[in-house]
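Survey of secondary and tertiary structure
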Amino acid sequence: MPQTMLTVSTRGAGLYEFTGEVQAFVRQSGVEAGLLTVFVRHTSCSLLIQENADPDVRRDLDSFFSRLVPPSDDPSMRWVIHTDEGPDDMPAHIKAALTAVSIGIPVSAGRLVLGTWQGVYLFEHRQRPHRREVVLHLGP
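A quick note: this is a predicted structure, and the numbers were derived from the prediction, not measured.

**Some points on the packing of aromatic side chains**
A ring pair, where both rings are aromatic, is described by two values, the distance of the centres and the angle of the planes. For the structure shown, the criterion picks out two aromatic pairs. With a centroid separation of 5.3 Å and 85° between ring planes, the pair formed by Phe 64 and Phe 65 is classed as edge-to-face. According to the relative accessible area criterion, Phe 64 is partly exposed, its value standing at 47%. With relative accessibility at 10%, the residue Phe 65 sits in the buried group. For the pair Phe 65 and Phe 123, a centre-to-centre distance of 5.4 Å together with 90° between the ring planes defines the contact as edge-to-face. Taken together, the residues Phe 65 in helix H2 (residues 55–68) and Phe 123 in strand E7 (residues 118–124) connect sequence positions 58 residues apart. For the pair shown, Phe 65 and Phe 123 are each scored as buried. Linked through ring pairs, Phe 64, Phe 65 and Phe 123 together constitute an aromatic cluster.

Here is the structure:
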């Protein structure tokens, strides 16, 4: 069963599309039908399948999660204890817990079965740049 690890470099909080890299892996695998598992190996970012046509969707999602879970130095977050790596530390873990760290995508005719406007994204929840490892595993 084909498997690889991608590195997604981020510049800070936001959504980073890597659909092209995922499609290339599936194409190069030669697998015609199966299930692709996408798994991120971190606890302060997550994965999404989301619209890839209008960048406002990504901005609005990022704004929504920032309002839902503000930094720990916000007065509403006084209850937060885990701040070892700064005010975005625990909020990043909360955002990752509310979203997914693993997603499955069907493969048919050697292609991802994504909708017309769907893309695969890493959702970075930390403010500083990171290099995130994403495992791709294609099974029957």
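Having seen it, we continue.
**Examining the environment of Val 69**
Within the element layout of this structure, Val 69 appears in the loop between H2 and helix H3 (89–98). What makes Val 69 buried here is its relative accessible area of 6%. A C-alpha to C-alpha distance of 11 Å links Val 69 and Pro 87, two positions 18 residues apart in sequence. Each residue touching Val 69, except ones within four places of it in the same chain, is listed here: Met 77, Pro 91, Ile 94, Lys 95 and Leu 98.

**Some points on the nonpolar core**
Of all hydrophobic cores here, the largest spans 22 residues; its most connected members are Phe 18, Leu 36, Val 38, Val 134 and Leu 136. Among the secondary structure elements, those contributing two or more residues to this core are strand E1 (3–9), helix H1 (19–29), strand E3 (34–40), strand E4 (45–51), strand E5 (102–108), E7 and strand E8 (131–139). Within the second largest apolar cluster, five residues are counted, among which are Leu 15, Leu 48, Phe 65 and Phe 123.

**Thoughts on the pattern of salt bridges**
Counted by the stated rule, this structure contains six salt bridges. The shortest N-O distance in the salt bridge between Glu 133 and Arg 41 comes to 2.4 Å. Placement of the pair is Glu 133 in strand E8 and Arg 41 in the loop between E3 and E4, with a sequence separation of 92 residues. Given a relative accessible area of 28%, Glu 133 falls into the partly exposed group. Judged by its relative accessible area of 46%, Arg 41 is partly exposed. For Glu 124, the salt bridge goes to Arg 132, with nearest N and O atoms at 2.7 Å. Shared partners join several salt bridges into a network, and the residues in it are Glu 85, Asp 88, Asp 89 and Arg 126.

**Notes on H1**
Thr 19, Val 22, Ala 24, Phe 25 and Val 26 are the residues of H1 that are buried. Backbone geometry just downstream of H1 places Gly 30 in the positive-phi region, at approximately 80°.

**Side note on H3**
Asp 89, Pro 91, Ala 92, Ile 94, Lys 95 and Ala 96 are the residues of H3 that are buried. Elements in contact with the buried residues of H3: E4 and H2.

**Comments concerning the sheet that holds E3**
One open sheet accounts for five strands, arranged E1-E8-E3-E5-E6; its pairing is antiparallel. Unpaired on one side and paired on the other, E1 and strand E6 (111–112) mark the two borders of the sheet. Sheet topology note: the E3/E8 ladder contains six bridges and is antiparallel. Residue pairing across strands places Thr 37 opposite His 137, the latter belonging to E8.

Rules used in this analysis
- Each chain has its residues counted from 1, running along the sequence as written.
- Residues qualify for local features only when their pLDDT is at least 70, as the model is predicted, and side-chain atom pairs are given and counted only at 80 or more; totals for whole chains, interfaces and linings, by contrast, use all residues.
- In computing side-chain properties, one takes all heavy atoms of the structure into account and sets aside hydrogens as well as water.
- Pairs were defined over the aromatic rings of Phe, Tyr and Trp, the Trp ring being its six-membered one, requiring ring centres within 6.5 Å. Orientation was assigned from the angle between planes: stacked under 30 degrees, edge-to-face over 60, tilted for the rest.
- Buried means the residue's accessible area, taken with a 1.4 Å probe over protein chains only, is under 20% of the maximum for its type, while exposed means over 50%, and partly exposed covers the values in between.
- Strands here mean DSSP runs of E at least two residues long; helices mean DSSP runs of H or I at least four residues long; both are numbered from the N terminus.
- The criterion used for residue contact is that any of the two residues' heavy atoms lie within 4.5 Å.
- For our purposes a nonpolar core is just a set of buried Ala, Val, Leu, Ile, Met, Phe, Trp, Tyr and Cys residues, chained together by side-chain atoms within 4.5 Å.
- We count a salt bridge whenever a side-chain nitrogen from Lys or Arg sits within 4 Å of a carboxyl oxygen from Asp or Glu.
- Paired strands, as defined in this entry, are two strands with at least two bridges between them according to DSSP.

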